[in-house]
Every structure is written in C-alpha cells, then in structure tokens.
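Chain by chain, the residues:
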Amino acid sequence: LGQRNNREILKQMPPYDDPELNAQVRSIGKQLAAHSHRTGLDYRFTIVDSPTVNAFALPGGYIYITRGMLAYLNSEAELAAVLGHEIGHVTARHSVRQHSAQTTASVVGAVVSVATGIQGVDDLTNMAGTAIVRGYGREHELEADRLGAEYMARSGYDPDAMLEVIGILKDQETFEKKRAREEGRKPNVYHGLFSTHPENDTRLQEVVRAARTYKTGSSTRINREGFIRSLEGLPFGNSASQGIVRGNRFYHESLDFTLAFPSGWQIDNREDRVVAMPAGKDGLMQLQMVELDMRMPARDFMKKVLQLHDLRSGEQIRSGGMTGYTGIASGKTTFGTRPVRYIVLMRDKTAWIFAGTAKDARNPYQYDRQIIASAKTFRAMNTQDARFASGTRLHIIRAGSNTRYRDLAARTPIDRHAEEQLRLLNDQYPKGEPRSGQLLKTVR
C-alpha cells in the first residue's frame, strides 16, 4: 500500500531538489527509526516541494515533510520532533487501523492537496478532488507524540523540543486561521495540533516528561545555528517551478506561461490548478492543464475528455498564438449546479482548461466577460516576464543590537503581514524582537 501510494504522491508532489537538506532529513530520520518499535521497516524520508506547512506518513515507513514546514523549524531537535511524530504514526499502525482496505485506496487523495484554499472548487470540471489530511484524532496524535518523544530521547535529542515545535506550529496555525478568515477560505494547518497550546496541555507535557527517562546521557542534541544555516536559500512560498503570483498576474517559469486574472480577485495557486475568486466570493474561475498523447482539436477535447456533452454557444477562440474553443455546459460547482464557461487552449499536446461560473443562480453569467478576457491574456513568457517569475527565498543573517522586524519587513518582498511572518519564521510571534547576535531567517 505504501509503495503504490508513494509513487502516486510523488507524481503530484515532486521531491524538493536539495541533496544536502535531503541527506540531513534522511540521516535524522534513520537515527530515530533505529530506536523505534519497528526497526525492520525500510524507512524512506522525503522532502516534498510544497510551500504548505505539513508532514505525513504512509504505511510501511514512508515519511514526508514539506519544505514549507522546514522553513518554520529552528533547530535539528525540532526537525527530529516532527519526524519522530510521523514515525510514531507508522509504528503504531494508525493509518492501517483507521482505514479499511476500501478507504485506504483513496489515501493519495487525502494527502496530495495539503493546500485546498477554497472549498468545493474541485467539482468544477468533474476531475478528481483532494483534501487535507485531518489527522487521526486526539488519542492517536498523542500516542504519536509519546512515541516520537521516546525515539528522540533514545537518539540523544532533547524531547522537550516536541513541546517547542508544537508551540511554533500552534502559533503558525493561529496566524493561518486569521489570514484564512481575511481571505474567505479554509485554513491549511498541520494535522498534529489541538485546540490548546502546549504550555497548557497537561497530557502532552506528561507524555514528554515520561520520555526523559529514555535519555542516553547527560547532554542532549539541539543544534540551532547549524540547522538554521542549512536553510539558506530555501524557497519561501511558491517557488519558480510552481508558479508565482505578482499582483493580479500569474507566472509559471517551468511551464512557460503567464496570464492576468481580473483585478482584485484572490489567486490561489494549488498543487494541480490555479483558482481565482472575486472579493465577494460570489464567483470563481480556475486553470488546469492536461498533457495528451496526441494532438487534438480543443472542441474534440471538450467532448471526449471533459465529457461536456451538453456544450452550447460554442465558438473558436485564440490567445497568445494558440487556437482553442469555448462554450457553456452545466456542471457541479461549489455554488451548486450552474452553467459553467469552459475555455480550452491547445499548445502542442497540452490542453489548458479554463472554467468559471458565478454564485447567483439568477445571474450565472455575471463574470463571463471577465473569465473570457482573463483566458485571452494567456501566453508564453517573454524575457521581461522572467524577472517576475522567480520566487522568494530564506536568507540567514546575524541580528545586530538595532535589528527590528519592522525594518526587516520594509525590505522584504512579502506583500502581506510581513512582520508577522518574519516573527513566525523565527519563533518570536506575536510581539517578539530579535536578540543581538541571534541568527535570523529573513526573506528576499
């Protein structure tokens, strides 16, 4: 089961290409696994190239951590805490215990889209939807914490780092929920968190305290500075290979395209699609791509692949030197069954699929002109676009006596909540300031 789903997950969430950082994660993970209750498994540890804050495990010892999660960690011991927690899920066989043979077959759909953003949009083009891993419930998550803290102590790490990392992720969850409310979407949070902060969670503190009895010596490994320095250059947010949002325009360097969404619309760059909604959340449009084995006219693709048998008001359309076809068909959306505007542009053997609708059943074509106009801005990138298509990365500095987050935020390309995000990255949320001599993660 793990082998099969691992292949599918890595198709949707490619591994992050950094040999040194991957080697560090594998080394720490293998040390923890060697002190686990199932040492006979061939554990595999993978950093996946996703900006979301998550880690998860599959049966058989497949452990994944996102680069988005790594950005918020501040020591090797904290990384060990996250990996130990996920190893705990494997050794306790939580995924096997929770799911029947029928439901585990859909485990890929439960993990590949850890950033869903806007609910219900997955139904828009009748393609397979995905969902966040919700975790295993309080008792299983606490058991994973207990096992992970034990494996940490047996491996020479300070088990108190389990409390530290949960506190960091709890702060990140608080901020993420605040931002999600502002943006009218579902928050994206790590599954191993509960309503209480670790400072007030008596059962969690007891679990970690019990793990201290497994300590192998008087000293414990933490390694803050070495770990933080290893994050130099780590992409923060979406990387160039995943696409970059600049204002209302979206750039994707590796797929060689750019387009402009309607002004003021919220753009949500997901693993498998780009979704946009107006400020009132009363409409939506999305873009997906499908690679074909052979060239096919856009109209035939809409009929044969998208199965749009009731396509009406059809006509040819051109954009960026590409030919395509547009029409309207009924479809299930987050707003219910609505007339959906479909636009398909063909470039060689790739189909670019636009789909959009409006919430108001009495005015389902409210955003039709904007959807068509946006699709017509789709084109290949030029040399001027390249400078906008590169993403932001972590840059490590040493704080001086006068270093303040307000000043760092003024110099960062982060366009929203910059001070809060910098504090979160450095475990000084919500009001902390850098200490003189402290290594700091900045974004540039």
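Keep in mind it's a predicted model, so treat the numbers as computed, not measured.

A.B. asks: Just give me the short version of the packing of aromatic side chains, but keep the residues and values in it.
C.D. replies: Scanning the entire structure with this criterion turns up 11 aromatic pairs. Both rings, one in Tyr72 and one in Phe236, keep their centres 6.5 Å apart while their planes meet at 55 degrees; by these two values the pair is tilted. Pair noted here: Tyr72 is in helix 3 (residues 67-72) and Phe236 is in strand 4 (residues 235-236), with a separation of 164 residues, a long-range link. Just as Tyr72 is buried, Phe236 falls in that class too. Summarising the aromatic geometry, the rings of Tyr251 and Phe388 are spaced 5.7 Å apart at their centres and angled 25 degrees between planes, so their arrangement reads as stacked. Linking Tyr251 in strand 6 (residues 249-252) with Phe388 in helix 14 (residues 386-389), this pair joins segments that are 137 residues apart in sequence.

A.B. asks: Which residues make up the packing of helix 9 (residues 161-183) against helix 10 (residues 202-211), and what are the values?
C.D. replies: Running from N to C, helix 9 and helix 10 cross one another at 145 degrees; their axes reach a closest spacing of 9 Å. Note on element contacts: helix 10 touches helix 9 through Leu204, Gln205 and Val208, opposite Met162, Leu163 and Ile166.

A.B. asks: Outline helix 4 (residues 76-91), listing residues and values.
C.D. replies: In this model, helix 4 (16 residues) spans 22 Å end to end at C-alpha, consistent with the 22 Å of a helix rising 1.5 Å per residue. Helix 4 sits mainly inside the fold: 16 of its 16 residues count as buried. Arg93 sits one or two residues past helix 4 and shows a positive phi near 55 degrees.

A.B. asks: So, the sheet that holds strand 1 (residues 44-48): which residues are in play, and what are the values?
C.D. replies: One key point about sheets: their strands pair by backbone hydrogen bonds, in either a parallel or an antiparallel sense. Taken together, three strands build an open sheet; the order of strands is 1-3-2 and the sheet is mixed. Lying at the two open borders of the sheet, with one neighbouring strand each, are strand 1 and strand 2 (55-58). For this sheet, the mean inter-axis angle between neighbouring strands, taken without regard to orientation, is 20 degrees. Direction of pairing for strand 2 relative to strand 3 (residues 62-66): antiparallel, over a ladder of four bridges. The partner of Leu58 across the bridge, within strand 3, is Tyr62. On the sheet, helix 1 (residues 2-12) packs against strand 1, strand 2 and strand 3 and is oriented at approximately 25 degrees with respect to strand 3.

A.B. asks: Can you break down the pairing of strand 13 (residues 336-347) residue by residue, with the values?
C.D. replies: Regular strands have side chains that alternate between both faces of the sheet. In terms of burial, strand 13 is a largely internal element, nine of the 12 residues being buried. Two elements, strand 12 (residues 322-333) and strand 13, share 11 bridges in a ladder whose sense is antiparallel. Counted as the bridge partner of Tyr325 is Val344 from strand 13. Following strand 12, the chain reverses through two residues before pairing antiparallel with strand 13. Direction of pairing for strand 13 relative to strand 14 (residues 350-358): antiparallel, over a ladder of seven bridges. Bridged to Arg347 within strand 14 is Thr350. The turn joining strand 13 and strand 14, which pair antiparallel and follow one another in sequence, is formed by two residues; a positive phi near 55 degrees is taken by Asp348.

A.B. asks: Tell me about the sheet that holds strand 16 (residues 439-443), residues and numbers included.
C.D. replies: Spatially, the three strands line up as an open sheet ordered 4-15-16, and their pairing is antiparallel. In this open sheet, the two strands that pair with only one neighbour each are strand 4 and strand 16. Pairing analysis gives five bridges linking strand 15 (residues 392-398) to strand 16, with the strands arranged antiparallel. Of the residues in strand 16, the one forming a bridge with His395 is Thr442.

A.B. asks: Describe helix 16 (residues 418-425), with residues and values.
C.D. replies: In terms of burial, helix 16 is largely enclosed, as seven of its eight residues are buried. Taken together, the buried positions of helix 16 are occupied by Ala418, Glu420, Gln421, Leu422, Arg423, Leu424 and Leu425. Buried residues in helix 16 make contact with helix 3, helix 9, strand 4, strand 15, helix 15 (405-410) and strand 16. Positive phi appears at Asp427, one or two residues downstream of helix 16, with a value of about 55 degrees.

What counts, and where the lines are drawn
Residues numbered from 1 in each chain as written. Predicted model: local features only at pLDDT ≥ 70, side-chain atom pairs only at ≥ 80, totals over all residues. Heavy atoms only, no water. Phe/Tyr/Trp six-rings, centres within 6.5 Å; stacked < 30°, edge-to-face > 60°. Helix = DSSP H or I, 4+ residues; strand = E, 2+ residues; numbered from the N terminus. Buried < 20%, exposed > 50% of the residue type's maximum accessible area, 1.4 Å probe, protein only. Axes fitted to C-alpha atoms, helices over the stretch in contact; angles between N-to-C directions. Contact = heavy atoms within 4.5 Å. Expected span 1.5 Å × (residues − 1). Pairing = 2+ DSSP bridges.

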